[in-house]
Amino acid sequence: MKKLCKGLLVFLLVLCLTTAGLNLLVIFGTRDRIRSAEQVQPADCILVLGSGLLADGTPGRMLTRRLNTAIDLYQCGAAPKLLMSGDHGSDDYDEVNAMKRYAVEHNVPPEDIFMDHAGFCTYDSMYRAKAIFGCESVIVVTQPYHLYRAIWNAQGQGMTAQGVSAEMYDYGWRYTAGLYAREALARVKDVFVTLLHLPTAAGGDPVDIHGSGSVTDDGATAQWLGAM
């Protein structure tokens, strides 16, 4: 029993040190790519990562802050296109149309907004930005805790990546602590997934990010655009 306990403690120590080491690798490997809105260099697009919807189907608090930051960057000329990447895995859950609609309602032309309907996780979003949309350079918008991993994944696909932080929303210390804990584990996972350069489950035909975003519209897009 003593040997078993000792072995378990050694295993947990190695696990903790590995997790800490890989987190530091991601953070220190990307922190110099985080910019203010005034510092960003021109890029192919501003990539906004989905983060959940409210019960009425509109962007949640964290996502709204990402969208506001991205729209400000677009209006300042940081990039000519917006790429909304999120979860549209079912008809009744559609992050990307909610994101595009929000941007259109804030005076972004629909043709400048692309939707990646299969951005189910951070790695998928970055893999598809390169493989499907042909992006060579991106400005990633998300909250600070998430930005390091997002940039890491983008660079792992061979893209030039910059990150701009969106404002955090205060959900309280318990939720925030859980958020940071999950992120720490996700960084470890994405280090290995990026090194292996695993393809995503969802494919798709190539889309020119320099063209019109209307090629990524679906029936839901046509419906709400027609109603505006």
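Presented here is an overview of the structure given in this document.

## Remarks on the environment of serine 51
Structurally, serine 51 is set in the loop between β2 (45-49) and α2 (61-75). The spacing of serine 51 and asparagine 97 is 46 residues in sequence and 13 Å in space, taken between C-alpha atoms. Serine 51 has contacts with Met62, Leu63, Arg66 and Glu95, leaving out every residue within four places of it along the chain. Engagement of the side chain of serine 51 in a polar contact is seen with the backbone nitrogen of leucine 63, the distance being 3.2 Å.

## Focus on the nonpolar core
Judged by nonpolar contacts, the single largest core of 27 residues is most densely connected at Ile46, Leu73, Leu82, Met84 and Ile139. Those elements that provide at least two residues to this core are β2, α2, β3 (82-85), α3 (95-105) and β5 (137-142). Here the element with the most residues in this core is α2; it accounts for six residues. In contact with methionine 84, other than residues within four places in its own chain, are Val48, Leu67, Val96, Met99, Lys100, Ala103, Ile113, Phe114, Met115 and Asp116. If you look at the next biggest cluster of nonpolar residues, it comprises 20 residues, including Cys45, Ala129, Met159 and Val207.

## Quick word on the state of the cysteines
Per the counting criterion, the structure on display carries zero disulfides. As a non-bridged cysteine, cysteine 121 has cysteine 135 as the owner of its nearest cysteine sulfur, 16 Å distant. Looking at cysteine 121, the relative accessible area reads 33%, which means it is partly exposed.

Cut-offs and rules
- Residues numbered from 1 in each chain as written.
- Predicted model: local features only at pLDDT ≥ 70, side-chain atom pairs only at ≥ 80, totals over all residues.
- Heavy atoms only, no water.
- Helix = DSSP H or I, 4+ residues; strand = E, 2+ residues; numbered from the N terminus.
- Contact = heavy atoms within 4.5 Å.
- Polar contact = N/O pair within 3.5 Å; in protein donor to acceptor, adjacent residues only side chain to side chain.
- Core = buried A, V, L, I, M, F, W, Y, C linked by side-chain atoms within 4.5 Å.
- Buried < 20%, exposed > 50% of the residue type's maximum accessible area, 1.4 Å probe, protein only.
- Disulfide = S-S within 2.5 Å.

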